[in-house]
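The primary structure of each chain is shown beneath.
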Amino acid sequence: MRYRQLTTGTLALGVILLIDVLRVWLPGIITIFGQAASTPAELMGAFALGWFVLALGAPAVVRRVGARPVVVVAAVVLALARLALTAAPGGRTQLWLATAGLLAGLVWLVGVAADTDRPVPGLALGFAVNAALHALWDTVDVVWWGTWVAWLFSSVVVLLFLLGTAKPVARAGDGGARAWLLAGPALLLAGMVALSPALARTGMSYLFAGDGVAGSPLFGLAPVPVAVAAFLFTASTRPPRGWGRAYGPVALLVGALLFASDRGDLLVPAVLLAAVGLGACLALTDDANRPNETAETEPTGAGSGTTSDVTSATAARRGYAVAIGMLVFALGAVGYYSAYDLGYPNAAVPVVVAGLVAVVAFTAQPVVQWLPGPFPPLRAAAAVTALALLAPVVADEVPVASNRDGPPERLTVVAYNIRMGFGLDGRFDLTGLTEVVERQRPDVVLLSEVDRAWLLNGGHDTLDVMADRLGMPYVFAPAADPVWGDAVLSRWPMDDARSLPLPAVGAPTGAQALGVTLDLSDGVRTAVVSTHLQPPPGQGPVVQARAVADFAIRYAAGRPLVVAGDMNTEPGDEAFEQFTAAGLVDALAAARPLATSPADDPREQIDHIFVSAGLTPSDPVAPRSTASDHLPVAVTVTLPPR
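Treat the numbers as computed from the prediction; the structure is a model and nothing was measured. (Residues numbered from 1 in each chain as written. Predicted model: local features only at pLDDT ≥ 70, side-chain atom pairs only at ≥ 80, totals over all residues. Heavy atoms only, no water.)

Brief notes about unusual backbone geometry
Step number 1: Between Arg592 and the following residue, Pro593, the backbone shows a cis peptide bond with an omega angle of -5°.
Step number 2: Within the element layout of this structure, Pro593 appears in the loop between strand S10 (585-586) and strand S11 (607-611).
Step number 3: The peptide bond linking Ser597 to Pro598 adopts the cis configuration, its omega dihedral lying at -10°.
Step number 4: One can find Pro598 in the loop between S10 and S11.
Step number 5: Even without being a glycine, Arg419 presents a positive backbone phi close to 50°. (Helix = DSSP H or I, 4+ residues; strand = E, 2+ residues; numbered from the N terminus.)

Shown next as structure tokens:
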């Protein structure tokens, strides 16, 4: 049996649309359904898992009414939801559109599984093309663009998907349940590690800095074409025989372990090994040794869910397999990321999922008679890799800081908690973030809640994209893990970057203090420290504040000093006084009260800028914007005379 190209292409297009919807729906759990700091993580998790549990009923529907009607209706709903999300409406409208698209996508997968016994080529092609496009779009998907280009691209993909769905599928043979079971776990590992452009670039940025911090990389997306090529080629070629079949499971497990080690300098090998291993594991489950000679020529009837060659139980088994696999995806995603709210260890989650994939793949029946897929492996891998190769050229930019003529008399400093790039309406709004920052004409920008690759937030490299738009290179330091933390961007060269992990004191999300030194030319240097304090439950961040103040004073070593960020403490609180007791000055004092949170109705003064006694602050402001749940704070500081 050689599956026709149309069948595989339609499956790949549907996978691409479903991933696009997931990249909107997953962040909506935090930014629209709930608020990460106030809505219980258990409630958000229940909301997320509920839709995947509901999809477990889809195989029964398929068995009762037939696969064909279910596939067509679900495909139309998925396509319309994806197209509507291109308008990025924000708020609950966006959440429910994405939810409708998600549920339709899950039901569509179940229906397709009933009539597809060889899904690996379509799944692998969908994962690979989506990763290449995500890199080409600089990790900001077209669903957030709001331009005619976004509408044109989305409309073409949707139209091709619907045209492919309209044609009756070929008859399916037996088997395929094992491959369908891995669809969800493979999607999780691809999005978290193996095919994540944002993670690859973040890993490259650690290689350009060292000492546990990351800097603006040159050709940061360079690992993506390698990962895409390795994944697609290994997924579409015949696996080795005997114990050689173990190379894929072993590579996947090693990649997952490197990712779970929480070391930024190991992210690039984690991506490459996971890509090779994941593709090889999918190939091991490809039931190419069970040919069905009637599959090419006899389409199913419009109302039938299975063929005469396959019992309804076989089709149902494949449907339940993909539904359970997608539930594993949801459990893994919720389990991994909710740990940052609930405070339990989460490093085992990707390793356990990789172990599941490895076991299912390695215990599959060895291929007896390998049948070629619908696309030649080398040509398919080369074509998708060529698309991915455009990303380092088109999407990668490297802002360069350079000394101006002589040291400046003043520096404008902006501190901003950017909430992973999502505004109060739940839209991914880097345009709004950069616009409010640019209006202050900053020399230095300190960012909190910087997300560089979390699948839960859509897999964006928020920092690199903002740095490109602002034209300012960055230094990044991890807090919760290597892709979540704080950053400093500067128009002046930065060096001597150091990061101090802060005591957790009961707060599940990690915290750190990042120190950098600005080279203002002619031997004039200023120290800058960026932080985001995380208070323990029911208390103020006193211990962390004291640690940051001590670190900042030592790091500055008598040089002018700026300390800023989301401090989660108000003027007069004990934590706030740790900074003033260290000799630092409240740079926003002249504008007090200066509330910064929540952004639409600010009542709390929790974002601050402190300066050393030698600096003179002026023009403090908290410009209004709803591009985050905080307002930025800005101040101009006059440097001491030389």
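A look at the nonpolar core
Step number 1: By size, the foremost hydrophobic cluster in this structure holds 158 residues, and its most contacted members are Trp25, Phe52, Trp180 and Leu489.
Step number 2: Among the elements that take part in this core, helix H1 (residues 5-33) stands out by supplying 16 residues, more than any other.
Step number 3: When neighbours within four sequence positions are excluded, Trp25 is seen to be in contact with Phe47, Ala48, Trp51, Phe52, Leu95, Ala98, Thr99 and Leu102.
Step number 4: Leu594, Val635, Val637 and Leu639 belong to the second-largest nonpolar core, a separate cluster that totals 33 residues. (Core = buried A, V, L, I, M, F, W, Y, C linked by side-chain atoms within 4.5 Å. Buried < 20%, exposed > 50% of the residue type's maximum accessible area, 1.4 Å probe, protein only. Contact = heavy atoms within 4.5 Å.)

With respect to the environment of Leu252
Step number 1: Looking at where Leu252 falls in the secondary structure, it is placed in helix H12 (residues 247-260).
Step number 2: Spatially, the C-alpha atom of Leu252 lies 47 Å from that of Pro623, the residues being 371 residues apart in sequence.
Step number 3: Those residues within four positions of Leu252 in sequence are excluded, and the remaining contacts are Leu189, Leu273, Ala274, Gly277, Leu278, Cys281, Ala354 and Val357.

Quick notes on the packing of aromatic side chains
Step number 1: Under the defined criterion, the tally for this structure stands at 24 aromatic pairs.
Step number 2: Centroid distance Tyr340 to Trp454: 4.8 Å. Interplanar angle 25°. Geometry classified as stacked. Of this pair, Tyr340 sits in helix H15 (residues 339-342) while Trp454 sits in the loop between strand S3 (444-451) and helix H19 (462-470), placing them 114 residues apart in sequence.
Step number 3: Pairing Phe422 with Phe428 gives two aromatic rings, centres 5.1 Å apart and planes at 55°, and the pair type is tilted.
Step number 4: Classification of Phe428 by relative accessible area gives buried; the value is 3%.
Step number 5: Through a chain of ring-to-ring contacts, the aromatic side chains of Trp25, Phe33, Phe47, Trp51, Phe52, Trp96 and Phe329 assemble into a single cluster.
Step number 6: Over the aromatic face of Phe362 sits the side chain of Arg245, whose NZ or CZ is 5.3 Å from the ring centroid.
Step number 7: Taking the ring centre of Tyr555 as reference, the NZ or CZ of Arg559 above it sits at 5.6 Å. (Phe/Tyr/Trp six-rings, centres within 6.5 Å; stacked < 30°, edge-to-face > 60°. Lys NZ or Arg CZ within 6 Å of the ring centre and 35° of its normal.)

Here we look at the side chain of Ser154
Step number 1: Checked against the element boundaries, Ser154 lands in helix H7 (residues 148-166).
Step number 2: The class for Ser154 is buried, based on a relative accessible area of 1%.
Step number 3: Of note is the side chain of Ser154, whose polar atom sits 3.1 Å from the side chain of Arg82.
Step number 4: A distance of 3.3 Å separates a polar atom in the side chain of Ser154 from a polar atom in the side chain of Thr86. (Polar contact = N/O pair within 3.5 Å; in protein donor to acceptor, adjacent residues only side chain to side chain.)

Regarding the packing of helix H20 (residues 542-556) against helix H21 (residues 574-581)
Step number 1: Two numbers describe how H20 lies on H21: the axes approach to 8 Å, and their chain directions differ by 15°. One element, H20, and the other, H21, form an angle in the roughly parallel class. For the crossing formed where H20 meets H21, the hand is right-handed. Here Val542, Ala545, Arg546, Val548 and Ala549 of H20 lie close against H21, whose contacting residues are Glu574, Ala575, Gln578 and Phe579.
Step number 2: Residues of the contact of H20 with H21, tallied by class, amount to six nonpolar, one polar and two charged. (Axes fitted to C-alpha atoms, helices over the stretch in contact; angles between N-to-C directions. Parallel < 35°, antiparallel > 145°, perpendicular 65-115°, else oblique. Left-handed = near helix turned anticlockwise from the far one by under 90°. Nonpolar A, V, L, I, M, F, W, Y, C, P; charged D, E, K, R; others polar.)

Side note on a nonpolar patch on the surface
Step number 1: On the surface, Trp145, Trp148, Val149, Leu152, Val156, Leu159, Leu160 and Leu163 cluster together into a nonpolar patch covering about 800 Å² of accessible area.
Step number 2: Considering the arrangement of structural elements, one finds Leu160 in helix H7.
Step number 3: Leu160 sits in the partly exposed class, given a relative accessible area of 46%. (Patch = residues over 30% accessible without salt bridge, like charges linked within 9 Å, V, L, I, M, F, W, Y side chains within 5 Å. Areas by Shrake-Rupley, 256 points an atom, 1.4 Å probe, with all protein chains shown as cover. Salt bridge = Lys/Arg side-chain N within 4 Å of Asp/Glu carboxyl O.)

Side note on the pairing of strand S5 (residues 484-490)
For a regular strand, the rule is simple: side chains alternate between the two faces of the sheet.
Step number 1: The element S5 is largely enclosed, with a buried count of seven among its seven residues.
Step number 2: Pairing of S3 with S5 involves six bridges; the strand directions are antiparallel. Counted as the bridge partner of Asp451 is Trp484 from S5.
Step number 3: Where strand S4 (residues 474-481) meets S5, six bridges bridge the pair, whose relative direction is antiparallel. Looking across to S5, one finds that Val475 is bridged to Val488.
Step number 4: From the end of S4 to the start of S5, which pair antiparallel, there are two residues. (Pairing = 2+ DSSP bridges.)

What to know about the pairing of S3
Step number 1: Counting buried residues in S3 gives eight out of eight residues, a clear majority hidden from the surface.
Step number 2: Once you follow strand S2 (residues 410-417) into helix H18 (residues 430-438) and on to S3, the crossover reads as right-handed. (Right-handed = clockwise from strand over helix to strand, strands pointing away.)

Some remarks on the sheet that holds strand S13 (residues 633-638)
Step number 1: Pairing is mixed across the open sheet formed by seven strands, whose spatial order is S1-S4-S5-S3-S2-S13-S12. Each end of this open sheet is capped by a strand with a single partner; those strands are strand S1 (214-215) and strand S12 (616-621).
Step number 2: Packed onto the sheet, H19 meets S3, S4 and S5 and runs at close to 155° relative to S3.

What to know about helix H9 (residues 183-194)
Step number 1: Taking 1.5 Å per residue, 12 residues should reach 16 Å; H9 reaches only 14 Å between its end C-alpha atoms and comes up short.
Step number 2: By the criterion of burial, H9 is predominantly enclosed, with 11 of the 12 residues buried. (Expected span 1.5 Å × (residues − 1).)

Some details on the confidence of the model for the chain
Step number 1: Scored by pLDDT, the chain has a mean of 90; 94% of the residues are at 70 or more.
Step number 2: Confidence over residues 290-310 falls short of pLDDT 50; this stretch has 54 contacts with residues more than four positions distant or in other chains. (pLDDT = per-residue confidence, 0-100.)

As for the pattern of salt bridges
Step number 1: As enumerated under the stated definition, the model contains 15 salt bridges in all.
Step number 2: The residue Arg201 makes a salt bridge to Asp461 at a minimum N-O spacing of 3.0 Å. Remark: Asp461 occurs in the loop between S3 and H19 and Arg201 occurs in helix H10 (residues 197-207); sequence separation between them is 260 residues.
Step number 3: Residue Asp461 is classed as buried on the basis of its relative accessible area, which comes to 0%.

Thoughts on the packing of H9 against helix H13 (residues 267-284)
Step number 1: H13 packs onto H9 with a crossing angle of 160° between their chain directions and a minimal axis gap of 9 Å. In terms of axis orientation, H9 runs roughly antiparallel to H13. In this structure, H9 crosses over H13, and the sense of that crossing is left-handed. Touching Ala186, Leu189, Ala190, Val193 and Ala194 of H9 are Ala270, Val271, Ala274, Ala275, Leu278 and Leu282, all from H13.
Step number 2: Of the residues belonging to the contact of H9 with H13, the class tally is 11 nonpolar, no polar and no charged.

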